Structure formats: C-alpha cells, structure tokens
Amino acid sequence: MSGRSDSIRVQINKSKTRFTTNLLWKNNEKWVLGSIIPLVLLIIWEAAARVGLIEAHLLPAPTRIIQEIFEMGAGGTLFSHVGATVFRVATGFFLGTIAAVLLGSAVGYFTVLEKLMDPLIQAFRSIPSLAWVPLFILWMGIGEPSKVTLIAVGVFFPVYLNIVSGIQGVDRKLIEVGKIYGFTSTETLRKIILPASLPSFMVGLRSGMGLGWMFVVAAEIMGASQGLGYLLVVGQNTYSPELIIASICLFAGIGKITDALLKILAERSLRWQDSLSNQR
Amino acid sequence: MSGRSDSIRVQINKSKTRFTTNLLWKNNEKWVLGSIIPLVLLIIWEAAARVGLIEAHLLPAPTRIIQEIFEMGAGGTLFSHVGATVFRVATGFFLGTIAAVLLGSAVGYFTVLEKLMDPLIQAFRSIPSLAWVPLFILWMGIGEPSKVTLIAVGVFFPVYLNIVSGIQGVDRKLIEVGKIYGFTSTETLRKIILPASLPSFMVGLRSGMGLGWMFVVAAEIMGASQGLGYLLVVGQNTYSPELIIASICLFAGIGKITDALLKILAERSLRWQDSLSNQR
Amino acid sequence: GCSSNASGEASKPKKIILDYAHYSPTSLVLKEKGFAEKLFEKEGIEVEFVLSQGSNKALEFLNSKSVDFGSSAGAAALMAKAKNSPIESVYIYSKPEWTALVSTDETIKSVEDLKGKKVAATLGTDPYIFLLRAIEESGLSAKDVEIINLQHGDGAAALLSGEVDAWAGLDPHMARVEKEVGANLFFRNPDFNTYGVLNVRQDFAEKYPKYVNKVIEVYEEARQWSIENPEETAEILAKEAQIDLDVAKIQLERNDFSASVPGDEQIAIIQAAGDVLKSEGVIDSKTNIEEVVDNLINPDFFE
Amino acid sequence: MLAVQNVSRTFNNGKAGFQNVTFSMTEGEIIGVLGTSGSGKSTLLRVLSGLDEEYEGSFTLSNRKVGMMFQEPRLMPWLSVQDNICFGIQSVAEQKLAKDLLELVGLNGFERHYPKDLSGGMAQRTAIARSLITEPDVLLLDEPFSALDAFTKMQLQDLLLSIWRRRKTTMVLVTHDIDEALYLCDRIFILRGQPGELYAEITINQKKPRLRGDVGLAEKKAEILSLLNLYNEIKENGK
Amino acid sequence: MLAVQNVSRTFNNGKAGFQNVTFSMTEGEIIGVLGTSGSGKSTLLRVLSGLDEEYEGSFTLSNRKVGMMFQEPRLMPWLSVQDNICFGIQSVAEQKLAKDLLELVGLNGFERHYPKDLSGGMAQRTAIARSLITEPDVLLLDEPFSALDAFTKMQLQDLLLSIWRRRKTTMVLVTHDIDEALYLCDRIFILRGQPGELYAEITINQKKPRLRGDVGLAEKKAEILSLLNLYNEIKENGK
Ligand SMILES: Nc1ncnc2c1ncn2[C@@H]1O[C@H](COP(=O)(O)OP(=O)(O)OP(=O)(O)O)[C@@H](O)[C@H]1O
Ligand SMILES: Nc1ncnc2c1ncn2[C@@H]1O[C@H](COP(=O)(O)OP(=O)(O)OP(=O)(O)O)[C@@H](O)[C@H]1O
Ligand SMILES: [Mg+2]
Ligand SMILES: [Mg+2]
C-alpha cells in the first residue's frame, strides 16, 4: 500500500478565489475542449484532400462538404430534409419511449410478465432494421405511419432493456419502505422504482435516440422523398460522395445535438445522485 | 394511506414444503411460459396463411419457412451461413467490447478525457450502419476485416455509453474508501469502479450484442457471399419472401440465444446485488 | 396501403398511385409536368407520386398495394412474377443501356480478360444478369470469375479503390465514374439490358382496365415530351436525382425512348435473362420461364 | 393485540436468524428488544412488519396500521428531506404535520437538502420523522437513535413518549442502549445466541415518564447487563 | 504530529459544516470528538483524511499511513466479508492477519457472506476489521461502534486499546458515547453549533487501561454533559 504521502499541505481560501476568476473559462471549457479533436481531424482531412492524398471522388474535402450543405441550405431543401427527419425521429422516439416505459416497467416489475414476454422481445431485438422494412411495408404501407413506427421500434429496444434491468437492479431496501406504507404496485412503481431506475432509464433514452437515428435510414427507404436518410440513399444510388458525406455529417451533428439535450436532461434530473459525476 | 390490512396471518413451514415439491416446475417454468406467446403467434400466422388471409408471396406460412430452413440445413449451406455470421458477430463483439471498455473507462473516470473525446464519440453514435459502408470499403476494402470492424463499431457505442454512465453513477462513498487506501487511478478503476458499474456494463453488453446483430447486415452488404445478412439481402434482391423471413427468424433465434447467454452471465455476476431481481 | 378503393361506381378509382424513380426519366417528366394530374382531375381522381429507390422497392410497393403502378427493370419484374407476385408489365418506359462492364484497369479490354478476376455486381439486378450473359457469350463460365456481391454504389467505390478488377456498373454511378475518373466501359451491349417496364397490379388492371389505358396515355405524353425536350429532361433528371447536369446528359444519351409497346423483342430479351437467372439458381429450377414471361408481359392495354 | 406463536426465521441452514420466539403484547405497550449483534432482532421486526414471509410458526396482528423505522435510514436519494418525510402520505392535509415533525426532529432549514448532503444523524432523524408522520398504531423501531448524540437522543426519546401518551401507540423498540430501553419500555426482551432465542424478559412497572437517574432503573440495568453476560466481562477488563 | 491551524469547511454559505478549528496532536494520542448531530464531526475527519480538499486554513500531517473508518460501513457489495476485509491490502502475507481480525471482530463463519446478508452490526464490524488491517499510523474513526450492543462494543473498545498499546497508533475517534470517549481518549474535544466550533477540550490524565466504573471518570462525564448543555435538560425532563 502506498499511503497518502503528501507531508505538508497548506491551502488557504482555495475554493473562494478559484470561483470568481475562472468562471468564464469554466463555462466555455467544455465547448473548447470538445472541439479540439474534431477540428484537428477536419484540418488533417482537408489537408489530405488538398494535397491529393485522398481522391475527391472517394472522399471530398470538408470544404466541399460544407459548400454542399450550404448550397442545400440556400436552395431551401436542407431545411425540409432535416425537418422531415427530425420530425420522424422525434415522433418515433416519443412513441417508442412510451411503449418501452409501459412494457418495460410491467415486465421489470412483474416476474410472470417477464417470463411470458421477455424472451420474445429479446428475440425481436436482434432483427436488423433493414429486415423490418419489407414487413412494415406489408403491414402498414409506405406512408408516414410505417416510417415513424419503424423508428419507434428501433428506439424501443434499448429503452426497454435499460428500464427492465434498471428496475430489476433497484435496491430492495427502498422497495421495502414502500411495502411498509402499503403501496400498491402502481404506487411502488411510480414513487420508488421508476425514480430509482432513472439513471438507467436516461442511458436507455440516449441509446434509444441513437438507434432512432440509425433506423431513420431504413425508414426512409420506404418511399420517402425527403429526409437525411433519403439523402444518404440518393447519394449512394447516384454515386455522389459529397452528398453521402454531407448527410453523414448532418446525422452526426444533429444526432449530437439531440444527445446533448438528453444528457443535459439526465444531469438535471440526476442531481440527487451521490455519484462520481456529481462530485465534480 | 391504506395500511397493511390482513388481520390474521398463519403460515407454517411455508418455505420448506414449497421447496421440494415444486423444484421440477421451477426449473421448467421459465421455458414453458416463455414459449406461450411465440407459439400462439405462430399458430395464428399458420392459420391465417392456410385460410388465405395472408398471401404466400407476401408472407409464407411458418411451415414453409421451417421447410426452407430445413432445406438449407440439409444442403449444408445453413451451417456455413450461420457460422459465418456468428463468427463475424462474435469477433466484432469482442473487439468492440474491448475498445468500449478501454475508452469508456478512461472517459468515464477522467473528466478531461470526457470533455475532449466524448462529444465526438457521441456524434458518431448517430451515424447509421448503412452510412458507414462506403467509408469502410474505402478505408479497409471489402474483406473480412472491414466487416468485423463495422460490427465492432455497432457494438462499441451502447457498451461505451453504458460504461461511461455506469462509471459516472458509481457511489462516491465507495470511491472514497479507495482514496483512503491510496489507490492509484488504475486500482480505483479496477477494484471499485468497474465492479460497481458492472450492472450497467452488463446492460451495455446486451445492448451491444443486439446492435452487433443489426450491423451484420450492413457488414455483409460489403461483398459477402455467406451469412445471414447476405441471405437477407439476396432474399430482398431476388424477391424470395421465404428466404427473407427465414433469415429474420434465424436472426431472432440466434440473437435470442446469445442474449440469453449474456443474461445468464449477468445474473451470475450480479448475485451480490441487493436488488429486486435477486430477491425473488 | 388502402389506395384504390372503389367508391360508389365500381369502375372508377378514388386515387391512383404512381411511382417515380431516378432510373425512369419518363416518370420524372410525368411528375414534373403534371400530365397525369391534368387528365385525372377532370374525372375527380386524385394522383399521388411515390419515390421508388430501386426495382426491388417498386415491386415491394406493388406487392403491398402501396402503389398501383411501379417502374422496374424487366428482369426484376420477371423474378417477382416467378415468385407469384400479382403484377403485369404493360408499358416500356425506355430501352436503357444502363449497364455495362467497367474497369479502371488498362489491361482489361474484353470480357475474356476477366478470367480469374474479381468483378463486383449486385445479385439479382440487371447489371448482374448483364455480367452473366456477357460471360456466357464470351465462352467463359460464371465460375471463371469471382463475382462479389456489392450494392451498386459500393461496387463503384470498390472498383475505384482497387478492391475489384471490374464492375458491372449501373447509371448514374457509371456515368459519373466514366466522367470523373475516366473509367473505361470495356463491354457494352444495349440488348443485354432487360428494358425498363411499367408494372401494374393485376387486381387494379382487372378492376379498372380503362384507367390502365389512361395511365399509359399520360406516360406516352411524357415520353413524347422528353423526346422533344432532351435539354429540359436532363435538367429535370439532374434536379430530381441531385446529380450534375453532365452526368444526367450521359445517362439520358443511353436511354432509348423510341419504343414503348411491350412486344416480342422485349419478351425475347427477358426470357434470355430468365434462363440465365434460372441456371444460376436465382430463379427456381422448376419454373417455366416462358410461361412466366407470357403472363408478365401484357401489351393489351395499348390502343 | 399482537400474539407471536413460536415463530422462527433462519438463514444458512439454521445457523443465523432467530428461532422459537413466543410472546404477546397488549395495546399501547412498549416493548424493548435487546440482544447481541446478529441475534435476529432486525429479522424479527421484518417478520412482524410483514416484509419477510418466509418464517415458520404463526402470529396474529389485529388490523392495524403498522409503521416501521429501519436500521439504516433508507431515504429516497432523489427526494429532499421534506419530500422524504412526506413519502408515505398522500394527502396535502398532512403537510402541516410534516412541518411540525421537521421542527421536532430539529431539521429546520434543511428541508430542501438531498440525503447525500445530510450528516448521519440528520438522515436518521429524517427517517424517524418519516415513520412518525403516518401516525401508525403499531410502531416498529430498529435502533432509531443509534447515530444521535446524547442530547438529541434524549429529546427524541421524549418525543416518542409524548406521541405514545397522545395516541397510545404500541411499539417494539430494538436498541443497544440499555438506558434507553429502561427509560421507554414496559417490558424488555433479551435475545441471545445465533440463531437468537428469547432468553429473558424483564418487566418494568414504573410509570412513564420516568426519571433518567432513577435508582430502581439502575438496578434493572445491572440485572440486564448480567443477563447479557456482561457483568463478568466488565470486571475482567477493568481488572 | 498533526497540527490543525484554523481550519474551516462550510456548506450552504457558512450555515453548516465546521469552522475555525485549531488543535495539535502528539504521536500515540487518542482524541475523542463529541458533538451534536450535524456539528461537522464527520466533515472534520474527511478534511483530515484528505478526502475533502475544499477547506480553508491549513494543517500539517507528517508522512503517515492514514486509516479511516466511515460512519456508514461502506462495504463493497460485490465482495464477501473476507474480501471486504482484505480490500485495502495487496499482499497475500496479510491474509493471516485478515483471518485473525475476522476472529477478533466475531465474524467467524460469515467469511463468505455478501454485505446484503449481514446484520447492521456485522457490517460495521466488517468495516472495523477493514480499517484495521492496513495497520495505519493514524486512525480516524467515525462512530465505529454505534450499531453494536453493549457487550460487543466493549470487546471492540478493548481490541482498539490493545492495538494502541502494541503500535502506538494515533487516533481520532468521533463518538456519541461519552463513556466510550472517557474509556479510550486522552483528550476530548467538544464541537457545538452549526457550523460547529471547538467549544471545549477536556484532558483525561488517567492511564489506560481504565476502569469502566471509575469515579473520576464519572465526574468527567458530568462535566462533559454540562458542557454539552445537557445537564439542565436532563433535570428538566426528569422534572
Ligand atoms: N456535501 C455536502 N453538501 C452540503 N452540506 C453538507 C455536505 N456534507 C455535509 N453537509 C452538512 O454539514 C453539516 C455537518 O455534517 P457532518 O456529517 O460533518 O455532521 P456530523 O457532525 O458528522 O453529524 P452526525 O453526528 O449526525 O454524523 C451538516 O449540517 C450537513 O448537512
Ligand atoms: N437475507 C439474508 N440472508 C442470509 N442471512 C441473513 C439474511 N438476513 C439476515 N441474515 C443473518 O441473520 C442474522 C440476524 O440478522 P439481523 O439483521 O436480524 O441481526 P440483528 O439482531 O438486527 O443484528 P444487529 O444488532 O447487528 O443489527 C445475521 O447473522 C445475518 O447474517
Ligand atoms: Mg439489526
Ligand atoms: Mg457524522
């Protein structure tokens, strides 16, 4: 064992001074640090493209991509593509989450339900998004409902999985407190189990949102004429690398934004946690 | 408040008698209950197909699917398809998990690393599997490495996300114990943080395995001549619904098996949890 | 898809759903110019356009009643029909030369040079059939080359990055590769392409034969228009498919809009394609190709 | 009111828990349970409260509202002190009571704190307030004042007495503090062994409230200590 | 050895925690800290142990191995009792010591149990064993025996004394048990207020081991109680 070995420690008014001077940096540090690596990568990429290390017809330079995005933006199509996709993902996310919360809390809480339904749900979980496409076209046609539902399916599984195991991991001690007060199952669920499994639920939400973005491509193969997934497929079908990369960048960018929103939500709602992250 | 209102309770030797008589049922209950719903669905589907409610060229009857699978099995191709895919998923899962554990624990534990790298990683998370395909062909060609890597990418994200938030949710109290013993960062990670975030990690593994199965289709679009994803795509390109559905069923079945294995692993390694699931 | 429900009088659909596709310039013109809307508005019938991103999607949409008319390659329609899809091909929207064998390797000058090489193609699609027929014609067999199953776009990428030696290409990828990298189309033969056919769902055709006629009528109108206005057609294509005008022009040059009535010529080519598919095991060996093609191609709606 | 008939609850093949416990209680009685660590006191409370149903034997508990305070605070980490105290109540009417209790356990000014920002004793006091707010008829208390300083402890013991005086609450009080048991209880049970068995029962007839420095109680204390087999130990250690 | 210079650590804009604490300790001294709940005793230990670095003021601690026992057991739920005890040690050589300690704290037979299957007192004893196994030079103990019955408590107090005799361990002992402080400590600090301040310091010159029933100690107890402002309270309550 090494032991804490600092012999003398003198710290005077440490926290107070720190607080005022570094406020500005504190607020922006996150953004600045977060953009370093992406920027470096972008610069390398651009340089490689300029020098000719990467051929433009395979991987166009970032400036070319940005130009493409700006052109779409100027033409007004960008907005409608992004809008359509965001709308689909948002609706699908909403529906998928609701379904996952309902089913997940039932399955997580009632052992019988778990035994009845969980095996089937877990089996469905490994069916790829592309495989659902023909089935959804068959069942629901190619309208907006089938697209949204497909995305909801994608969102459902990680949220469900995280809720179920979050619930099953809830501290028995807390549940017993509810039992003492004669809580019904719904009360226990609402007042103890769901809040206690909130950390896990939040991860599920973020995971689910990620899958929502992934499933949107499969969804927009189903006869869409707008959307980022549509752009991607069109890019692939018409062999336009700049369109492909532009749509990938948009996916990444908007996906990142939605994730950041969820992350903030998670941080807000988990302030009570006595955890590593709240300690900082 | 309702209060616990049972006036008289008499229970004699309850646990002892229960134990011996119901052992057989206990062991099989899980399987029996789990198969009820799938069986019912299969029967409805078969009946609908027989009666003609579903046209065969859209959705062949289950018996037809099973026959198809058996034919493949008899022809020996089934084994090689399943084998190829399982091998790819397993390797990808392994690699993706390792990467996620390394990166995830570093990012989860060191705030600076989180600020540096997490934003980029989160942005990549919402890039759909299909979008990676051209990039991977460009970077790694169409051989086995690019397939496995693509699967690893799919596995990486949920495992990473769950590890990071698992770590960030670790009880500060336990970490302080390590500090008292003068643990180094690696020791803290290995002896406290990783075990404490094990429940979350296990969910991540299961989520990741699911995504591995999803990404395998995208992977096998890249010049594969074997595999379930390949079967699915061939089925779609040659308008063979029975091939499509057969491969979906295989996906579901094998996916379920891998998930069950992980679930058992999770249960084994989480025996110490004082939780709802261990209480039963 | 509950689109074409008969309302009141049985002989008139409420709504007709057409597909449009980047591989069918005629359909793009039709959508852009609004010929169909003009004609059907008078009868109080709604017209809806749905994008098909490939033959397989168009056929899937037909199967699931999501569209009434769908554009596909002839061979694709044949494969679907062989699997009992209830469709009929009633119109030829173009005779496209959309596929050829492409290579960036200078040493590959003919099909014979492919022996032992890697060739990318998408299983079951026209380029795949084209490749097989080319190989067969040159006296090689399918086993002499290594066919790598890649999506069209990925095939182009694999060709350019040297992963494969040749590629059974498809426009507009092919046009673009040709134009930008100077890849060489070392084997071309328009007659190995299986035409672009417009398919209708059988139950729609049976219920509303008159409206099949009318759809063909507007398609004819669009075809005439694109023959007369090649420049504008190229612009429409470039805009819709989000490709360069130059690429659109190359693609259009390889489309022959002269014939539109399905006939013996088409039947022969599609049958040949069917035989190749059958010998490759894509179509079940028990299938009677002749009969299937016969059931598929239906020129009766032309008047 | 409460009649316990030969109840056992053991773990580890009968190596831990408690066994063969028989006793009965009348309404308004306060019973103290003393015993060595691990002798099954908490397990007994869990059985009585209905949380543990794997016991053998039988017991009757008339239709009463049961309140329980656990050995650990078991606060909901996502609720503030105020909300934790109100955890078991539905109506808004009881909010007033919550305010009073907050005051009584000395947590004024900490209403909005989350459990992670409380000291050990404050968490325990929150748990006490939470178990009192429903005004149960039967109160099961598992070492309720173990983390409190002598001063606060006495205050809360008196709070408990005042509640008992007002509502005639029946209580079972597990404690390690013999003085506390003597000050509050009508009868004291002593559990011993592993699994624990009811080893002795001491009746204290003095009326409550009692004097903390009472001589009669001091005698009882010596008796209890000897029962716990401690007296000799102390002499030994003190040489 | 340990010199604390006007150290403060407050929360809530100075409304909680402790402030202006100054004292020094010599090697082998045992200091007791008494104080009302929430007066900053645990916070003080956290600062001394180096866990909390947000304090103001300064303190020196010569290069020593510090051991700490927290107010809650803080056992690793995924480790058995045995492994929890060995948590802080790397070498296999110390396994023997673990065995001994397990015996000394009376947990024989429970080596393989997980924390969830332990009683409150057993968990606390596991934590005690864990903090002793590294044989630290400075031991910070936060209410180490609060969940133990009188009997076990005395045993473990004596265990602590025997360790002190053997290794001259310097200790800071936070406790609510005045008798315990009198039995073990050389000096007793009394914290009062919110935020807590060092209100009084009592030196006990009697040599250890002391007699539990000692009259001199009883006098000190009265003094401490009065310092804690309890004496009047007791009279009041007892009427
Ligand atoms: N992280 C924190 N954030 C805000 N307040 C805190 C925090 N930690 C402790 N406090 C406050 O500091 C005060 C002192 O806490 P501390 O745990 O030191 O008390 P204590 O003397 O150990 O009390 P007890 O005897 O009840 O354990 C309390 O009022 C508590 O609410
Ligand atoms: N779930 C469990 N599984 C196995 N053993 C258990 C379980 N719960 C309790 N025990 C055992 O039962 C015995 C009695 O535990 P209990 O908590 O009732 O003790 P206690 O009298 O309350 O002790 P303390 O004074 O230390 O709190 C202990 O030996 C404990 O290890
Ligand atoms: Mg207990
Ligand atoms: Mg404390």
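Before reading further, recall that the structure is shown in the block above.
Keep in mind that this is a model prediction, so the values were computed, not measured.

*Asks:* Would you mind going over the packing of aromatic side chains in detail, with residue names and values included?
*Replies:* In this description, an aromatic ring pair is defined by two values, namely the gap between the centres and the angle between the planes. In total, this model carries 36 aromatic pairs over all chains according to the counting rule given. Ring centres of F124(A) and W132(A) lie 5.9 Å apart, and the angle between their planes is 75 degrees; this geometry places the pair in the edge-to-face category. When its relative accessible area of 32% is taken as the criterion, F124(A) is described as partly exposed. According to the relative accessible area criterion, W132(A) is buried, its value standing at 8%. Where F183(A) meets F87(D), the ring centres are 5.3 Å apart and the plane angle is 50 degrees; that geometry is what we call tilted. Taken as a pair, F183(A) in the loop between α8 (172-180) and α9 (185-196) and F87(D) in the loop between α2 (81-85) and α3 (95-104) lie in two separate chains rather than in one. Like F87(D), F183(A) is buried. In textbook terms, an aromatic cluster arises when at least three aromatic residues are bridged by ring pairs, as seen for F40(C), F69(C), F204(C), Y208(C) and Y211(C). Over the aromatic face of F87(D) sits the side chain of K191(A), whose NZ or CZ is 5.4 Å from the ring centroid. Over the ring of W164(E) we find K168(E); its NZ or CZ atom is 4.0 Å from the centre of that ring.

*Asks:* Go over the nonpolar core, please, and point to the residues and values.
*Replies:* Among the nonpolar cores identified, the biggest contains 337 residues, and L101(C) and L114(C) are the most heavily contacted of them. Among all residues touching L114(C), those that are not within four sequence positions of it are L101(C), I108(C), V119(C), L131(C), D144(C), V145(C), A166(C) and F186(C). Counting residues in hydrophobic clusters, the runner-up holds 51 residues, among them L34(D), L139(D), M171(D) and L228(D).

*Asks:* An account of the coordination of the magnesium ion (ligand 4) is needed here, citing residue identities and associated values.
*Replies:* Only S42(E) (OG) and Q71(E) (OE1) from the protein coordinate the magnesium ion (ligand 4), and they sit 1.9 to 2.1 Å from it. Of the two residues, S42(E) is situated in helix α1 (residues 41-49) and Q71(E) in the loop between β5 (66-69) and α2 (81-85); the sequence distance between them amounts to 29 residues.

*Asks:* Account for the sheet that holds strand β8 (residues 118-121) of chain C, with residues named and values stated.
*Replies:* Residues and elements named next belong to chain C. The strand order across the open sheet formed by five strands is β9-β8-β10-β7-β11, and the pairing between neighbours is mixed. Unpaired on one side and paired on the other, β9 (146-149) and β11 (184-187) mark the two borders of the sheet. Adjacent strand axes in the sheet meet at a mean angle of 40 degrees when their direction is disregarded. Of the pairings in the sheet, the one linking strand β7 (residues 99-103) to strand β10 (residues 166-170) comprises four bridges and is antiparallel in character. Paired with V102 across the two strands is W167, which belongs to β10.

*Asks:* Any chance you could break down the relation of the copies chain A and chain B for me, citing the residues and the numbers?
*Replies:* For the pair of chain copies, the relating transformation is a rotation about an axis with a translation along it. Structural alignment of chain A on chain B gives an RMSD of 0.1 Å, achieved by rotating through 180 degrees and translating 0.0 Å along the axis. Taken together, the rotation and translation describe the operation of a two-fold axis. Residues of chain A ranked by C-alpha distance from the rotation axis are headed by S200(A), positioned 3.7 Å from it. When the interface residues of chain A are mapped onto chain B, 99% of them again lie at the interface, so the same face is used by both copies.

*Asks:* Let's hear about the interface of chain A and chain B: which residues, and what values?
*Replies:* Taken residue by residue, the interface counts 80 residues in chain A and 80 residues in chain B. In this assembly, chain A packs against chain B so that about 7,000 Å² is buried in total across both faces, 65% of it on carbon and sulfur atoms. Inspection of the chain A/chain B interface yields 10 salt bridges. Of the charged contacts in the structure, one is a salt bridge between R172(B) and D274(A), with a shortest N-O distance of 2.5 Å. Here chain A is connected to chain B by 19 residue pairs in polar contact (both at pLDDT 80 or more). The element best represented in the side of chain A that touches chain B is helix α5 (residues 111-125) of chain A, accounting for 11 residues.

*Asks:* Now, about the site of ligand 2: what can you tell me, with residues and values included?
*Replies:* Near ligand 2, the surroundings consist of 20 residues, among which K41(D), S42(D), T43(D), S119(E) and G121(E) are the closest. Within the contact set of ligand 2, an oxygen atom lies 3.3 Å away from a backbone nitrogen or oxygen of S39(D). T43(D) is positioned with one of its side-chain polar atoms (N or O) 2.4 Å from an oxygen atom of ligand 2. Here ligand 2 loses 88% of its free accessible area of 640 Å² to cover by the protein chains. The set of elements that each furnish at least two residues to the shell around ligand 2 consists of β2 (16-25) and α1 (41-49) of chain D together with α4 (120-133) of chain E. The residue inventory of the shell around ligand 2, partitioned by class, reads four nonpolar, 13 polar and three charged.

About the criteria used
Numbers given to residues run from 1 along each chain, matching the order in which its sequence is written. Chains and ligands are labelled by the order in which they are written, letters from A for the one and numbers from 1 for the other. Restriction of local features to residues with pLDDT of at least 70 applies here, the model being predicted, together with a cutoff of 80 or more for giving and counting side-chain atom pairs; totals for whole chains, interfaces and linings are based on all residues. Only heavy atoms go into the side-chain values, all of them from the structure, while hydrogens and water stay out. For Phe, Tyr and Trp, where Trp contributes only its six-membered ring, two rings pair if their centres lie within 6.5 Å, and the inter-plane angle classes them as stacked under 30 degrees, edge-to-face over 60, or tilted in between. Here the term buried applies to any residue with accessible area under 20% of the maximum for its type, exposed to any over 50%, and partly exposed to those in between, with areas from a 1.4 Å probe on protein chains only. Secondary structure counts use DSSP, requiring at least four H or I residues in a row for a helix and at least two E residues in a row for a strand, with both numbered from the N terminus. Lysine and arginine charges are scored as sitting over a ring when NZ or CZ, respectively, is within 6 Å of the ring centre and within 35 degrees of the ring normal. Note on terminology: a nonpolar core comprises buried Ala, Val, Leu, Ile, Met, Phe, Trp, Tyr and Cys residues joined through side-chain atoms within 4.5 Å. Contacts are assigned to residue pairs with any non-hydrogen atoms lying within 4.5 Å of each other. Only N, O and S atoms count as donors, using a 2.8 Å limit from the metal and a wider 3.2 Å limit for Na, K and Ca, and since water is excluded some coordination spheres may look unfilled. DSSP-based pairing: two strands are paired if at least 2 bridges between them are found. An axis is simply a line fitted to the C-alpha atoms; with a helix, the fit covers only the stretch in contact. Between two such axes, the angle follows the N-to-C directions and lies from 0 to 180 degrees. When the copies are superposed, the least-squares fit takes in the C-alpha atoms of residues with a pLDDT of at least 70 in both. Once two parts are brought into contact, the accessible area they lose, counted with a 1.4 Å probe and summed over both, makes up the buried area. A pairing counts as a salt bridge when a side-chain nitrogen of Lys or Arg comes within 4 Å of a carboxyl oxygen of Asp or Glu. Two N or O atoms count as a polar contact when they lie within 3.5 Å, although within protein this holds only if one can serve as hydrogen donor and the other as acceptor, and sequence-adjacent residues are included solely when both atoms are side-chain atoms. Only a single heavy atom is needed: when it lies within 4 Å of a molecule or strand, its residue is near that molecule or strand. Per-residue and other accessible areas follow the Shrake-Rupley method at a 1.4 Å probe size, with only the shown protein chains counted as cover for residues. The classification used treats Ala, Val, Leu, Ile, Met, Phe, Trp, Tyr, Cys and Pro as nonpolar, Asp, Glu, Lys and Arg as charged, and all other residues, Gly among them, as polar.

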